[in-house]
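Residues per chain are reported as follows:
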Amino acid sequence: MITRSTAVAANLEGPIHRIVFSPKGVLVHSHATDELSLFENESPVELHFEEYLGHEKGIHYNAGFSNADYSEDSRFRLVNLRGSYKSIPADLFRIAGYASEVISWRRNFQFCGACGTKTERVPHERAMKCTSCGLMAYPRISPAIIVAITKGDSILLAHNIHFPENQYSTLAGFIDPGESAEEAVDREIFEEVGIKVKNIRYVSSQPWPFPDSLMLGYTAEYDAGEIVPDGVEITDARWFTKEDLVNVTIPGKQAVARTLIETVFGPIDRD
Ligand SMILES: [Zn+2]
């Protein structure tokens, strides 16, 4: 686990590995064979800004952002973290996701949301401060709930309109202002598939950097009602036994949805 730091990097001893973001994706050397690999020491391109992430096993990690378009640059290929998360080792994905959230924050809070003045980086705190009115902008973390609903030996999985064809996952949704996580579980499930649940239990949480969610994982038991997909976000929802899962694509090992599915069914031997 990375030892975090919110200070701007300065006088670091030892190797530095950099992950470099651009508007169209993460830069990777075109000759790199792994899906994602970091740059050692110097950044290969000029950076618009950079953030120190922390260190792990004697290596420092930095995240940088370059505003240029590298889509036609033969030195690099561009990686979409969301599209390739299943192919990235867990340790590297964790650092890349952390970096992605920090870079999003720096990009999105360059100007004050209240008065429009340029902000500046606070030296010893991960915050951007307005140079006119003093408003502080911290990295945004958006809490969301995700739930494995069980009924006998089955679990409810749904197809979201944004998923690739035949992909099914547990239900999820953002927590509203003024709402507890458990209330959000109750509301989201009813809105998305029209059923009521009981015995809502917290399992574990996981950051999900697309772009800045913190997924709070729950299990719940079916209580009442018939499944009626909302037709807007959810186009299909069904009960699946463990055996039924071979017919559909499910979330990869890195996803908290997968953890929840395996909490119910035990380990599933596939990607
Ligand atoms: Zn301001």
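Residues numbered from 1 in each chain as written. Predicted model: local features only at pLDDT ≥ 70, side-chain atom pairs only at ≥ 80, totals over all residues. Heavy atoms only, no water.

A word on the coordination of the zinc ion
The textbook angles at a metal center are 109.5 degrees for a tetrahedron of four donors and 90 or 180 degrees for an octahedron of six.
Item 1. Donor atoms from the polypeptide that bind the zinc ion are Cys112 (SG), Cys115 (SG), Cys130 (SG) and Cys133 (SG), placed at 2.3 to 2.4 Å.
Item 2. Viewed at the metal, the 4 donor atoms of the zinc ion are separated by angles of 100 to 122°, and the geometry they form is tetrahedral.
Item 3. The class for Cys115 is partly exposed, based on a relative accessible area of 39%. (Donors = N, O, S within 2.8 Å, 3.2 Å for Na, K, Ca; no water. Tetrahedral: all angles 85-135°; square planar, octahedral: opposite > 155°, others 65-115°. Buried < 20%, exposed > 50% of the residue type's maximum accessible area, 1.4 Å probe, protein only.)

Quick notes on the domain arrangement of the protein chain
Item 1. The domains assigned to the protein chain are domain 1 (3-108) and domain 2 (142-265).
Item 2. Taken over C-alpha atoms, the centre of domain 1 sits 31 Å from the centre of domain 2.
Item 3. In this complex, domain 1 contributes 11 residues to the contact, which on the side of domain 2 involves 13 residues.
Item 4. For the pair domain 1 and domain 2, the summed buried surface comes to about 960 Å²; carbon and sulfur atoms form 61% of the total.
Item 5. When the buried surface of domain 1 facing domain 2 is broken down by residue, Arg82, Tyr85 and Glu101 rank first, second and third, together holding 52% of it. (Domains from an automatic or database assignment. Contact = heavy atoms within 4.5 Å. Buried area = accessible area lost by both parts, 1.4 Å probe.)

Observations regarding the sheet that holds strand E10 (residues 136-137)
Item 1. Read from one edge to the other, the open sheet built from 3 strands follows the order E8-E9-E10, with strand pairing classed as antiparallel. This sheet does not close on itself; its edge strands, each paired only once, are strand E8 (119-121) and E10. (Pairing = 2+ DSSP bridges. Helix = DSSP H or I, 4+ residues; strand = E, 2+ residues; numbered from the N terminus.)

A few points about empty space enclosed by the protein
Item 1. Here the structure, examined in full by the defined rule, presents 1 cavity of 30 Å³ or more.
Item 2. Around the largest cavity, the lining residues are Glu101, Ser104, Trp105, Asn108, Phe109, Arg140, Pro211 and Asp212.
Item 3. Classifying every residue of the lining of the largest cavity gives 3 nonpolar, 2 polar and 3 charged. (1 Å grid on protein atoms, 1.4 Å probe; cavity = no way out; pocket = protein on both sides within 12 Å on 5 of 7 lines; lining within 4 Å. Points joined across faces, edges and corners; volume = space filled by probe spheres on them. Nonpolar A, V, L, I, M, F, W, Y, C, P; charged D, E, K, R; others polar.)

Some remarks on the pattern of salt bridges
Item 1. Tallying each qualifying case throughout the model produces 15 salt bridges.
Item 2. Between Glu188 and Arg187 there is a salt bridge, with its nearest N and O atoms 3.3 Å apart.
Item 3. Salt bridges here are not isolated pairs; linked through shared partners, they connect Glu51, Arg106, Arg121 and Arg126. (Salt bridge = Lys/Arg side-chain N within 4 Å of Asp/Glu carboxyl O.)

Observations regarding the layout of surface pockets
Item 1. By volume, the largest pocket amounts to about 880 Å³.
Item 2. In terms of lining residues, the largest pocket is bounded by 30 residues, among which Arg82, Asn160, Phe163, Ala172 and Trp208 are the most central.
Item 3. Within the residue set of the lining of the largest pocket, elements represented by two or more residues are helix H1 (81-84), strand E11 (142-151), strand E12 (154-160), strand E13 (171-174), helix H3 (181-193), strand E15 (213-224) and helix H4 (256-265).
Item 4. Considered class by class, the residues forming the lining of the largest pocket number 17 nonpolar, 8 polar and 5 charged.
Item 5. For the lining of the largest pocket, the two domains that each supply at least three residues are domain 1 (3-108) and domain 2 (142-265).

Digging into the environment of Glu188
Item 1. Secondary-structure assignment places Glu188 in helix H3.
Item 2. Glu188 sits in the buried class, given a relative accessible area of 9%.
Item 3. A C-alpha to C-alpha distance of 43 Å links Glu188 and Gly58, two positions 130 residues apart in sequence.

Details of the pairing of strand E6 (residues 59-65)
Item 1. Most of E6 sits out of view: 6 of its 7 residues are buried.
Item 2. Summarising the sheet, strand E2 (residues 16-22) and E6 pair through 6 bridges and their orientation is parallel. Along E6, the bridge assignment pairs Ile16 with His60.
Item 3. When strand E5 (residues 49-56) meets E6, the two strands line up antiparallel, connected through 7 bridges.

Considerations on unusual backbone geometry
Item 1. With omega at 0°, the peptide bond leading from Phe210 into Pro211 counts as cis.
Item 2. Inspection of the secondary structure puts Pro211 in the loop between strand E14 (196-208) and E15.
Item 3. The phi dihedral of Asn166 falls on the positive side, at around 70°, and the residue is not glycine.
Item 4. Checked against the element boundaries, Asn166 lands in the loop between E12 and E13.
Item 5. For Asn166, a relative accessible area of 35% translates into the label partly exposed.

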